[in-house]
Amino acid sequence: MNVTQWFDRGSKDDRSALFSLLISNRQHSVANKMSTGTHQDERNALMVMSGAALLIASLAKQKKRRRWWQTELFKKRSDLLMILKSQEISGQYKNFCRLSSSDFENLLQKIGPIISKQDTYFRSSISAQDRLAVTLRFLATGDSYTSLQYTFRISKQSIVYIVPEVCTALINGLRGYIKLPKTPEAWKEVSKVFETKWNLPHCIGALDGKHIILQAPINSGTEYFNYKSNFSIVLFALVDANANFIFADVGCQGRISDGGVFRGSTLHRMIDKNRLGLPMAEKLPGRSMSEPVPYFFAGDSAFALSDNLMKPYHGDYPKGTPQRIFNYRLSRARQVVEDAFGILSAEFRVLRKPMILAPEKVELVVMAAMLLHNYRRTNSPNLNTSSQYEENIGSTSLLPIMADVSQTSRNNAQKIRDEIADYCLKEGFLEWQENYA
């Protein structure tokens, strides 16, 4: 093999060594020539050395050739989903995906055309089924992308893009599963269920907020730093009497209080501008001589009292007093929003640990999980989450919101609360309420 063939076939390190040797020899030759005073030879030698130096620098910048187009691990996709489907009666499929196979297929029909990619001559694309399955498994467990790549035989570099894309498709495809009632009649239907299940008339929803813990975002300072000394974004939600979400606002910085999140939400603006389509104020059942009471949302002490938002009386009251009974009845109805958050984190355990994602991607993950929560409960209304999973649904990393200390209560709102408290002690009296209040 001559020098030219060795140069073509050799590695980059071999070529660099050859050029260094040539330059060293040439420098020695130049030194000899310069001692004889040959100016033309000196000039030629400098040109050769300059060209060699430029060539070495160019070779050093060349990217290292990849040894594989695709590793053996990822050449064949996992058939785990098909194995689980063949044994669906065992319940392992639903536990793995958090959906039955029929619900999975229905969901795939909705978003499949959006998340599908085109095959090429070089290799087949990752199927829409695999894309949806890996995203559902991430939501269900919160496993790292590295762990998921061994389960599904899809590289973590691909999963990084798959999860946000599929979550976005889920949000667009299932958007109708979280929606506010638009007419007075629809709001009254919500109120009837609250009165039947939770014994609180005129209640049209329970609202609350939770912190979603995440890794400290880059260059965010204290923007996402909350009162629990964690970094978070806020999930603010309104639920109906069946623990279904009917409004959600995700993404507010963790440093903001619950009342502040509510004041900045679309829901608050719609209430202020009277655009929710709420029913007109009516008298409570059996109280023909009393003042009409508006329909209201049930909140905790973190919110400011208003005509359409009731909160408990502050302080401790003797047993049997209207204030104590009201606090029990309101808190009993408001507990449904805590149940919804507990069920959500039991279904999708990505919410049980800090997310190592950018805030905008955390928003997509949380919103997709909430829509899937409603999707599951709509298709399986008798679903009992607490018996499906081993862990207690109360075990969650969702943190409560700090109370808003700058609260002022309107006199009219206080009168409305007093009217409801009096109703709970008289016409709406429950025989067993004093045993718990």
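One can find the structure itself at the top, above this paragraph.
What comes next concerns the included structure. (Residues numbered from 1 in each chain as written. Predicted model: local features only at pLDDT ≥ 70, side-chain atom pairs only at ≥ 80, totals over all residues. Heavy atoms only, no water.)

**Brief notes about helix α16 (residues 411–425)**
As a reminder, the rule being used: The helix count covers DSSP runs of H or I at least four residues long, the strand count covers runs of E at least two residues long, and both are numbered beginning at the N terminus. Multiply 1.5 Å by the residue count of a helix minus one, and that product is the helix's expected span. The buried label applies to any residue whose accessible area, calculated with a 1.4 Å probe on protein chains only, is under 20% of its type's maximum; exposed applies above 50%, and partly exposed to all values in between.
Between its terminal C-alpha atoms α16 stretches 21 Å, which fits the 21 Å expected from 15 residues at 1.5 Å a residue. Restricting attention to buried positions, one finds in α16 the residues Ala-413, Ile-416, Arg-417, Glu-419, Ile-420, Ala-421, Tyr-423 and Cys-424.

**Structural notes on the packing of helix α6 (residues 101–115) against helix α7 (residues 128–141)**
The condition is simple: Interaxial angles span 0 to 180 degrees and are taken between N-to-C directions of axes, which are lines fitted to C-alpha atoms, for helices over the stretch in contact. Should an angle lie under 35 degrees it is considered roughly parallel, over 145 roughly antiparallel, and from 65 to 115 roughly perpendicular; all remaining angles are considered oblique. Note on convention: near helix rotated counterclockwise from far helix by under a right angle means a left-handed crossing. Clockwise means right-handed. We call two residues in contact whenever any of their non-hydrogen atoms come within 4.5 Å of each other.
Between α6 and α7, the shortest axis-to-axis distance is 9 Å and the interhelical angle comes to 115 degrees. Relative to α7, the element α6 lies roughly perpendicular. As α6 packs across α7, the resulting crossing turns out to be right-handed. Here Phe-104, Glu-105, Leu-107, Leu-108, Ile-111, Gly-112 and Ile-115 of α6 lie close against α7, whose contacting residues are Ala-128, Gln-129, Arg-131, Leu-132, Ala-133 and Leu-136.

**Things to note about the pattern of salt bridges**
What counts here: By definition, a salt bridge exists where a carboxyl oxygen of Asp or Glu is found within 4 Å of a side-chain nitrogen of Lys or Arg.
According to the stated counting rule, one finds 16 salt bridges in the structure shown. With a closest N to O distance of 3.7 Å, Glu-165 and Arg-131 form a salt bridge. Placement of the pair is Glu-165 in helix α9 (residues 156–173) and Arg-131 in helix α7, with a sequence separation of 34 residues. A relative accessible area of 35% places Glu-165 in the partly exposed class. Take Arg-131: its relative accessible area is 8%, and that puts it in the buried class. Two residues, Glu-189 and Lys-192, come together in a salt bridge whose shortest N-O distance is 3.7 Å. Placement of the pair is Glu-189 and Lys-192 together in helix α10 (residues 184–198), with a separation of 3 residues, close to one helical turn. When its relative accessible area of 48% is taken as the criterion, Lys-192 is described as partly exposed.

**Concerning the packing of aromatic side chains**
To keep things clear, this is the line we draw: A pair of Phe, Tyr and Trp rings is counted when the ring centres sit within 6.5 Å of each other, with Trp represented by its six-membered ring. The angle between the planes then sorts it: under 30 degrees is stacked, over 60 is edge-to-face, the rest tilted.
Across all of its chains, the model carries 16 aromatic pairs by this definition. When the ring of Tyr-177 is compared with that of Tyr-375, the centres are 5.4 Å apart and the planes differ by 75 degrees; the resulting orientation is edge-to-face. Pair noted here: Tyr-177 is in the loop between α9 and α10 and Tyr-375 is in helix α14 (residues 359–379), with a separation of 198 residues, a long-range link. Tyr-177 sits in the partly exposed class, given a relative accessible area of 24%. The interplanar angle of 10 degrees and the centroid separation of 6.3 Å between the aromatic rings of Tyr-328 and Tyr-436 together place this pair among those described as stacked. Of the two residues, Tyr-328 sits in helix α13 (residues 322–347) while Tyr-436 sits in helix α17 (residues 433–436), which places them 108 residues apart along the sequence. For Tyr-436, a relative accessible area of 58% translates into the label exposed. In textbook terms, an aromatic cluster arises when at least three aromatic residues are bridged by ring pairs, as seen for Phe-236, Phe-247, Phe-262 and Phe-303.

**Here we look at unusual backbone geometry**
The backbone of Arg-98 sits at a positive phi, close to 65 degrees, despite the residue not being glycine. With respect to the element layout, Arg-98 can be found in the loop between α5 (92–97) and α6.

**Thoughts on the environment of Gln-335**
Looking at where Gln-335 falls in the secondary structure, it is placed in helix α13. Spatially, the C-alpha atom of Gln-335 lies 9.7 Å from that of Asp-300, the residues being 35 residues apart in sequence.

Functional significance is not addressed by these values, which are geometric in nature.
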